[in-house]
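A look at the structure
Residue-level listing of the chains:
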Amino acid sequence: MQQIIGRLIEILPVITGENGRGVWKRGGFVIEYGNEYPKKVAFTTFGDDNIAIVNPSMVGSTITV
């Protein structure tokens, strides 16, 4: 499994919806990694527990995904 270490630069809005199984929630975040030519990577998370992994106070800090 690959790990990416980068700086959390944005938390994406939480989106909710409903399907045949019930209500769902989707969130996400963007990290930036690399020195000379930084790259941005967006991650999508589903469910309350996974959405809560990052919070607004963490923006600007280094995280491992």
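One can find the structure itself at the top, above this paragraph.
Quantities reported herein were computed from a predicted structural model and do not represent experimental measurements.

Cut-offs and rules
- Residues numbered from 1 in each chain as written.
- Predicted model: local features only at pLDDT ≥ 70, side-chain atom pairs only at ≥ 80, totals over all residues.
- Heavy atoms only, no water.
- Helix = DSSP H or I, 4+ residues; strand = E, 2+ residues; numbered from the N terminus.
- Buried < 20%, exposed > 50% of the residue type's maximum accessible area, 1.4 Å probe, protein only.
- Contact = heavy atoms within 4.5 Å.
- Areas by Shrake-Rupley, 256 points an atom, 1.4 Å probe, with all protein chains shown as cover.
- Pairing = 2+ DSSP bridges.
- Axes fitted to C-alpha atoms, helices over the stretch in contact; angles between N-to-C directions.
- Patch = residues over 30% accessible without salt bridge, like charges linked within 9 Å, V, L, I, M, F, W, Y side chains within 5 Å.
- Salt bridge = Lys/Arg side-chain N within 4 Å of Asp/Glu carboxyl O.
- Core = buried A, V, L, I, M, F, W, Y, C linked by side-chain atoms within 4.5 Å.

Here the focus is the overall build of the chain. Secondary structure summary: the chain contains one helix and four strands in total. C-alpha extents for the chain along the principal axes are approximately 45 × 25 × 15 Å. Buried residues in the chain amount to 20% of all 65 residues. A separation of at least 24 residues holds for 44% of the contacts in the chain among residues at least 6 apart in sequence. For the chain, the exposed area adds up to about 5000 Å²; of that, 51% sits on carbon and sulfur atoms.

A few words on the environment of Ile51. With respect to the secondary-structure elements, Ile51 resides in helix H1 (residues 48–51). C-alpha of Ile51 to C-alpha of Leu12: the two residues are 39 residues apart in sequence and 9.8 Å apart in space. In this view, Ile51 contacts Val14, Lys25, Arg26, Gly27 and Thr45; residues no more than four positions away in its chain are not counted.

Another point: the sheet that holds strand S2 (residues 22–33). Overall, antiparallel pairing links the four strands, which are arranged S3-S2-S1-S4 in an open sheet. The open sheet terminates on both sides in strands that have one partner only, identified here as strand S3 (39–46) and strand S4 (62–64). The sheet shows a mean angle of 35° between the axes of neighbouring strands, direction not considered. In this structure, S2 lies alongside S3, joined through eight bridges in antiparallel fashion.

Once that is clear, we can look at a nonpolar patch on the surface. Residues Ile15, Trp24 and Phe46 make up a contiguous nonpolar surface patch of roughly 270 Å² in combined accessible area. In this structure, Phe46 sits in strand S3. Judged by its relative accessible area of 48%, Phe46 is partly exposed.

In this structure, Ile4, Leu8, Phe29, Ile31, Val54 and Ile63 together form the largest nonpolar core, which totals six residues. Beyond its immediate stretch of four places on either side in the chain, Phe29 contacts Leu8, Glu10, Ile11, Leu12, Val41, Ala42, Phe43, Thr45, Val54, Ile63 and Val65.

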